[in-house]
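# Descriptive analysis of the structure
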Amino acid sequence: MTTDMMIALAIGVAAFVVLVTVWYLIFVPGKRKALAREASEAAEKEAEVIKQKKLLEVKEKFLSKKAELEKEVRQRNQQIQQAENRAKQREMSLNQRQDELTRKRQEVDSMRQRLETQQAVMQKKEEELTQRQNSLLEQERTKLEEISGLSADEARERLVETLKDEAKTNAAAYINEIMDDAKMNANKEAKRIIIQTIQRVATETAVENSVTIFHIENDEVKGRIIGREGRNIRALEAAAGVEIVVDDTPEAIVISGFDPVRREVCRLALHQLVADGRIHPARIEEVVAKVKKQVDEEIMETGKRTTIDLGVHGLHPELVRIIGKMKYRSSYGHLLQHARETANLCAVMASELGLNPKKAKRAGLLHDIGKVPDEEPEMPHALYGAKLAEKYKEKPDICNAIGAHHEEMEMTTLIAPIVQVCDAISGARPGARREIVEAYIKRLKDLEDIAMSYPGVVKTYAIQAGRELRVIVGADKIDDKQTELLSGEIATKIQNEMTYPGQVKITVIRETRSVAFAK
């Protein structure tokens, strides 16, 4: 409760006592009035005492507050005084610093003037020295020209020529040293890469045969395959273009032919004929034609499987078919195996050299596609392969690597020498090349080509290891008399153009067929 409230309360109590006393005086007579007056006086005294007490309390509080305020004012005055003292000290310090800076600026100005004066003196002396030096040099040059009998320009030219010759000699020696060092390191690095590449690609030794063995259950099947008077076996040989040898070997028939595709067609046809049981010339021709289609599908499947195994994608379907044909092509060994091996070698070597292994593998796989043409080309197989690759939208660097791997085309990319080296590595390993087999196959191919060059010839088959050439002519194109002449002409041309052991029998077959269907 505050002081004002207490005073108001005391005044209220006194007023209440006065009112009670007045009421008592008015309504209580006699003694009651005296008592009321006494009570009123007592109440007034008590109110006065309370009032004085409260006033004293208020005065004490006022004095206390006044003392606190005076103390706070004194403290603030002290702080202000201290701040003023610090400000005065700072002002004095700043004045001292300013005086010192002014003094130092004056010293610097004085020093700058002295330096400028000294610099002017030095410049003047330098000009004098330069003039004196030029004069001395001119005198020396004049004396030297008099002594040597050469002008300054001539002496300079001779000195320059001498320095040039000396620099050329030093540069040539340095270049030779660098070249020798580079060749030595390059040879070491090339050997290391080739050895690591060969070690990382393990391939079996290639084996190529020119015969296929067809196994049968018993000799009764042999008789059915031969047919009456040998008509079935002759029809099969004529349709498939191979030689079938039926001898005393138990449970086996030998299919002979230089073309693996023909041998495979004959083997599959025999398998179907024996399983079916119907063996006669018409059925044989029908089955052989059907099997040829199956082999074509197998060729396509082989090409797809090869590209998937090697991770070579995006090839044209015709290139995939050509790769599949490599399975049945022999060129100093198994061609498809050689192409796969070259592709893997190219990828490893390209990785070692920091090149693109996918491109190198693609070029390695396609480098011999010119060896399996549908028609005999009139150019080397490397150039023909590059032409095929370009035809089927391969990139220029791939085409260049294919065409240049036998140096028949200029190499324009880094992949080309890699393909050339890997082709040589694959062909040079033990068992990879078989020159005798290759020459034998080429001779048989040449025999067939000579016969096919005559008009009216439909098919030609070299059989019995090249000792017999069967020529099938069209009955509507050549008569019997021309058939006799044709065999002699072919024999004469073979004698004049080819080298072969023993003798070659030329058999010209002219056959007339009449076919009807019973419905």
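Structural notes, computed from the coordinates.

Rules and cut-offs
Residues numbered from 1 in each chain as written. Predicted model: local features only at pLDDT ≥ 70, side-chain atom pairs only at ≥ 80, totals over all residues. Heavy atoms only, no water. Pairing = 2+ DSSP bridges. Helix = DSSP H or I, 4+ residues; strand = E, 2+ residues; numbered from the N terminus. Axes fitted to C-alpha atoms, helices over the stretch in contact; angles between N-to-C directions. Contact = heavy atoms within 4.5 Å. Buried < 20%, exposed > 50% of the residue type's maximum accessible area, 1.4 Å probe, protein only. Parallel < 35°, antiparallel > 145°, perpendicular 65-115°, else oblique. Left-handed = near helix turned anticlockwise from the far one by under 90°. Nonpolar A, V, L, I, M, F, W, Y, C, P; charged D, E, K, R; others polar. Core = buried A, V, L, I, M, F, W, Y, C linked by side-chain atoms within 4.5 Å. Salt bridge = Lys/Arg side-chain N within 4 Å of Asp/Glu carboxyl O.

### Some remarks on the sheet that holds strand β5 (residues 468–473)
Read from one edge to the other, the open sheet built from three strands follows the order β4-β5-β6, with strand pairing classed as mixed. A strand with exactly one partner marks an edge of an open sheet, and here the two such strands are β4 (457–463) and β6 (505–510). Averaged over all adjacent pairs, the angle separating strand axes in this sheet is 20 degrees, with direction ignored. The pairing of β5 with β6 spans six bridges and is classified as parallel. Each bridged residue has a counterpart across the sheet, and for valine 473 the counterpart in β6 is arginine 510. This element, helix α5 (residues 231–240), spans β4 and β5 of the sheet and lies at about 110 degrees to β4. The strands touched by helix α15 (residues 480–497) within the sheet are β4, β5 and β6, with β6 carrying the most contacts at an inclination of about 155 degrees.

### Overview of helix α8 (residues 317–325)
Every buried residue belonging to α8 is among Leu319, Val320, Ile322, Ile323, Gly324 and Lys325, and all of these are buried. Next to the buried residues of α8 lie α7 (281–310), α9 (335–352), α10 (357–366) and α11 (381–391).

### Considerations on the packing of helix α6 (residues 260–276) against α7
As a packed pair, α6 and α7 sit with axes 9 Å apart at the nearest point and diverge in direction by 125 degrees. Considering the angle they form, α6 stands oblique to α7. In this structure, the crossing between α6 and α7 has a hand that is right-handed. Counting all contacts with α6, which are made through Val261, Glu264, Val265, Leu268, Ala269, Gln272, Leu273 and Asp276, the residues of α7 involved are Arg283, Ile284, Val287, Val288, Lys290, Val291, Lys292, Gln294 and Val295. A breakdown of the residues in the contact of α6 with α7 according to their chemical character gives ten nonpolar, two polar and five charged.

### Points about unusual backbone geometry
The backbone of lysine 393 sits at a positive phi, close to 70 degrees, despite the residue not being glycine. Relative to the helices and strands, lysine 393 resides in the loop between α11 and α12 (396–403). Looking at lysine 393, the relative accessible area reads 72%, which means it is exposed. With phi around 60 degrees, glutamate 407 is a residue other than glycine that occupies positive phi space. By the secondary structure assignment, glutamate 407 is in the loop between α12 and α13 (415–428). When its relative accessible area of 62% is taken as the criterion, glutamate 407 is described as exposed.

### Considerations on the nonpolar core
Residues Leu315, Met326, Leu365, Leu366 and Ile369 are the most contacted members of the largest nonpolar core, which totals 37 residues. For this core, the secondary-structure elements that each account for two or more residues are α8, α9, α10, α11, α12 and α13. In terms of residues, this core owes the most to one element, α9, which gives eight residues. What methionine 326 contacts, discounting residues up to four positions off in sequence, is His334, Leu335, Leu336, Ala339, Leu365, Asp368, Ile369 and Val372. With 25 residues, the next largest nonpolar core counts Ile216, Ile255, Ile284 and Ile299 among its residues.

### With respect to the pairing of strand β3 (residues 252–256)
Successive residues of a regular strand alternate their side chains across the two faces of the sheet. Within β3, four of the five residues are buried, leaving the element largely enclosed by the surrounding structure. Relative to β3, strand β2 (residues 243–245) runs antiparallel, the two sharing three bridges. By the bridge assignment, glutamate 243 is partnered in β3 with serine 256.

### Re the pattern of salt bridges
Going through the model one piece at a time under the given rule, you end up with 18 salt bridges. Note that glutamate 448 and arginine 262 form a salt bridge whose closest N and O atoms lie 2.5 Å from each other. Of the two residues, glutamate 448 sits in helix α14 (residues 435–452) while arginine 262 sits in helix α6, which places them 186 residues apart along the sequence. You'll find glutamate 448 and arginine 262 in the same group, each marked buried. A salt bridge links arginine 267 to glutamate 264, with the shortest nitrogen-to-oxygen separation between them at 2.8 Å. Linking arginine 267 with glutamate 264, this pair stays in helix α6, spanning three residues, or about one helical turn. Judged by relative accessible area, arginine 267 falls into the partly exposed class, the value being 27%.

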